[in-house]
Amino acid sequence: VQLQASGGGLVQAGGSLRLSCAASGRTFSDYVMGWFRQAPGKEREFVATINWSGGSTYYASSVKGRFTISRVNAKNTVYLQMNSLKPEDTAVYYCAADLSYGTSWSRYAYWGQGTQVTVSS
């Protein structure tokens, strides 16, 4: 499956952004989708994941209550709505797909190219 992330940008602290990830090449609803991020000099970290139907989600504690992951299988797209953004949310955000559910980046077989999110203070 091929993944294309978009929607990043520069926003002030307290602002919002919505990331999108469009999938192609395989049956989208067969895949668990996840969002990860990587800040300069830091390891890639888990942000959120959503199961095949969209009925189950899980978030990193650092974003829970501020970010919402969702998917529209008919559009082959997964979203990450990010509210109340903080400077520490600044990172390259990646969408990922896999056949199984998990929070470790090493479990995900397919990755998008990343989109930069910068939050100014």
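In case you missed it, the structure is sitting above this.
None of the values given here were measured: they were computed from a predicted structure.

Novice: So what's going on with the overall build of the protein? Residues and values would help.
Specialist: Scanning the protein from N- to C-terminus turns up 0 helices and 11 strands. Counted from the first residue to the last, the protein has its helices and strands arranged as β-β-β-β-β-β-β-β-β-β-β. Considering only C-alpha atoms, the protein reaches an extent of 40 × 25 × 25 Å along its principal axes. Considering the protein as a whole, with its 121 residues, one finds that 44% of them fall into the buried category. Once local pairs closer than 6 in sequence are excluded, the contacts in the protein between residues at least 24 apart make up 57%. When the accessible surface of the protein is totalled, it reaches about 6000 Å², and 47% of it is carbon and sulfur. Side chains of the protein give 11 positive and 6 negative charges; the mean places of these two sets differ by 6 Å.

Novice: For the packing of aromatic side chains, give the residues involved together with the corresponding values.
Specialist: Applying the stated criterion across every chain yields a total of 8 aromatic pairs. On the numbers, 5.8 Å between centres and 70° between planes, the contact of Phe36 with Phe46 is edge-to-face. Highlighted residues: Phe36 in strand E4 (residues 32–38) and Phe46 in strand E5 (residues 45–50), separated in sequence by 10 residues. Side by side, Phe36 and Phe46 carry an identical accessibility label, which is buried. Positioned over the ring face of Tyr94 is Arg44, at 4.0 Å from the centre of the ring. If you follow Arg71 out to its NZ or CZ, it ends over the ring of Phe28, 4.4 Å from the centre.

Novice: Tell me about the sheet that holds strand E7 (residues 67–72), and please be specific about residues and values.
Specialist: Within the open sheet, the 4 strands sit side by side as E1-E3-E8-E7. Their pairing is antiparallel. Sheet topology places strand E1 (2–6) and E7 at the edges, where each strand pairs with a single neighbour. Each adjacent strand pair in this sheet contributes to an overall mean axis angle of 15°, direction not counted. With 6 bridges connecting them, E7 and strand E8 (residues 77–82) associate as antiparallel partners. Within the sheet, the bridge partner assigned to Ile69 lies in E8 and is Leu80.

Cut-offs and rules
- Residues numbered from 1 in each chain as written.
- Predicted model: local features only at pLDDT ≥ 70, side-chain atom pairs only at ≥ 80, totals over all residues.
- Heavy atoms only, no water.
- Helix = DSSP H or I, 4+ residues; strand = E, 2+ residues; numbered from the N terminus.
- Buried < 20%, exposed > 50% of the residue type's maximum accessible area, 1.4 Å probe, protein only.
- Contact = heavy atoms within 4.5 Å.
- Areas by Shrake-Rupley, 256 points an atom, 1.4 Å probe, with all protein chains shown as cover.
- Lys, Arg positive; Asp, Glu negative; His and termini not counted.
- Charge placed at Lys NZ, Arg CZ, Asp CG, Glu CD.
- Phe/Tyr/Trp six-rings, centres within 6.5 Å; stacked < 30°, edge-to-face > 60°.
- Lys NZ or Arg CZ within 6 Å of the ring centre and 35° of its normal.
- Pairing = 2+ DSSP bridges.
- Axes fitted to C-alpha atoms, helices over the stretch in contact; angles between N-to-C directions.

Interpretation in functional terms is not warranted from these geometric data alone.
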